[in-house]
Amino acid sequence: MAERDDRDFAAFAKAAGPSLRRTAYLMCGDWERAADITQEALIRVYVAWPRLHERGLYAYARRATMSAAVDQGRKRSSREVPTLELVDAVSEDATGRVAERALLLAALADLPARQRACVVLRFYEDLSVEQVADVLGCRTGTVKSQTARGLVALRAAYARHGGDLQVPDQALAATTQEVVP
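Here the structure is a predicted model, which is why all the values come from computation and not from measurement.

Q: Just to check I follow, could you spell out the pattern of salt bridges for this structure?
A: Side chains that differ in sign of charge can pair as their charged atoms come close. This structure, assessed with the given rule, holds 4 salt bridges. Between Arg44 and Asp71 there is a salt bridge, and its shortest N-O distance comes to 2.9 Å. Of this pair, Arg44 sits in helix H2 (residues 31-48) while Asp71 sits in helix H3 (residues 57-74); the two residues are 27 residues apart in sequence, bridging distant segments of the chain. With a relative accessible area of 25%, Arg44 lands in the partly exposed category. Of the residues examined, Asp71 reaches a relative accessible area of 29% and is grouped as partly exposed. Arg62 serves as the salt-bridge partner of Glu125, at 3.6 Å between the closest nitrogen and oxygen. Linking Glu125 in the loop between helix H5 (113-124) and helix H6 (129-136) with Arg62 in helix H3, this pair joins segments that are 63 residues apart in sequence. Comparing Glu125 with Arg62 shows no difference in burial state: the two are buried.

Q: Honestly, the state of the cysteines in this entry has me stumped. Any pointers?
A: A covalent bond between the sulfur atoms of two cysteines is what we call a disulfide. Across all of its chains, the model carries 0 disulfides by this definition. You can see Cys138 has no disulfide; the closest cysteine sulfur is in Cys118, sitting 5.8 Å from it.

Q: What am I meant to see in the confidence of the model for the protein chain here?
A: When pLDDT drops low, the exact placement of atoms in the prediction is not to be read closely. In this model, the protein chain carries an average pLDDT of 81, and 76% of its residues clear a pLDDT of 70 or more. The secondary-structure element of the protein chain with the lowest mean pLDDT is helix H8 (residues 169-179), recorded at 51, while H2 shows the highest, at 93. Every residue in residues 176-181 is under pLDDT 50, and counting partners more than four places away or in other chains gives 6 contacts.

Q: When you look at the packing of aromatic side chains in this model, what are you seeing that I'm missing?
A: By convention here, two paired aromatic rings are described through the distance between centres and the angle between planes. Applying the stated criterion to the full structure yields 4 aromatic pairs. Summarising the aromatic geometry, the rings of Phe9 and Tyr46 are spaced 4.9 Å apart at their centres and angled 70 degrees between planes, so their arrangement reads as edge-to-face. One end of the pair, Phe9, is in helix H1 (residues 6-28); the other, Tyr46, is in helix H2, with 37 residues separating them in the sequence. Exposure remark for Phe9: the relative accessible area of 13% places this residue in the buried category. Looking at Tyr46, the relative accessible area reads 38%, which means it is partly exposed. Here the aromatic rings of Phe9 and Trp49 are separated by 5.3 Å at their centres, their planes lie at 80 degrees, and the arrangement is edge-to-face. With a gap of 40 residues between them, Phe9 in helix H1 and Trp49 in the loop between H2 and H3 connect regions that are remote in the sequence.

Q: Got a minute to help me understand H5 in this structure?
A: Residues that lie three or four places apart on an α-helix share one face, since the helix turns once every 3.6 residues. For H5, which comprises 12 residues, the first-to-last C-alpha distance of 15 Å matches the rise-based estimate of 16 Å (1.5 Å per residue) to within 8%. Of the residues making up H5, those classed as buried are Gln115, Arg116, Ala117, Cys118, Val119, Val120, Leu121 and Arg122. Residue Asp126 follows H5 closely and has a positive phi angle near 60 degrees.

Q: Please explain unusual backbone geometry as it appears in this structure.
A: Look at Asp126: it is not a glycine, yet its phi comes out positive at around 60 degrees. Residue placement: Asp126 occurs in the loop between H5 and H6. Exposure remark for Asp126: the relative accessible area of 64% places this residue in the exposed category.

Q: Honestly, helix H7 (residues 140-160) in this entry has me stumped. Any pointers?
A: Here H7 is 21 residues long and its end C-alpha atoms lie 30 Å apart, about the 30 Å a rise of 1.5 Å per residue gives. Those residues of H7 not exposed but buried are Val143, Ser145, Gln146, Thr147, Ala148, Gly150, Leu151, Leu154, Ala157 and Tyr158. Downstream of H7 by one or two residues, Gly162 has phi in the positive range, about 100 degrees.

Conventions used here
Residues numbered from 1 in each chain as written. Predicted model: local features only at pLDDT ≥ 70, side-chain atom pairs only at ≥ 80, totals over all residues. Heavy atoms only, no water. Salt bridge = Lys/Arg side-chain N within 4 Å of Asp/Glu carboxyl O. Helix = DSSP H or I, 4+ residues; strand = E, 2+ residues; numbered from the N terminus. Buried < 20%, exposed > 50% of the residue type's maximum accessible area, 1.4 Å probe, protein only. Disulfide = S-S within 2.5 Å. pLDDT = per-residue confidence, 0-100. Contact = heavy atoms within 4.5 Å. Phe/Tyr/Trp six-rings, centres within 6.5 Å; stacked < 30°, edge-to-face > 60°. Expected span 1.5 Å × (residues − 1).

In structure tokens form, the structure reads like this:
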């Protein structure tokens, strides 16, 4: 696999880039920062490119994206948190959904990085517990507990921002049942 060249990497980056950027956006809540995170992740993939196996490329890139997002969150300059003024009026047109999405992104931004990563990978990327554990480099029990805590914290953060997160109680209960043997 070490014989792959730059054209192969360019094709992979073009194919995987948009998905990695969307995931990075959910981690940081800013499209520009998401582009920076994606670029950093692709640099990490490029450095490791000769030793990566074809079947694990996307998993490695996703893990590099999560690591880059967490690393950027640790930098002092990334501690700024934008605020959002919302109107109390609720409408059924598309702008209402945009406001809900902004609320959700603000609530996601309130979560600790590890919980946010678990919630994003489990429910946005639709990965299994085992796949999330592999991406984050931790045990499945950690993923289960961080996901359960993340959902509880997400619901509380969403309420603090003025919303009512409709997470089915059975989904929340199923997540917590996975944590407690």
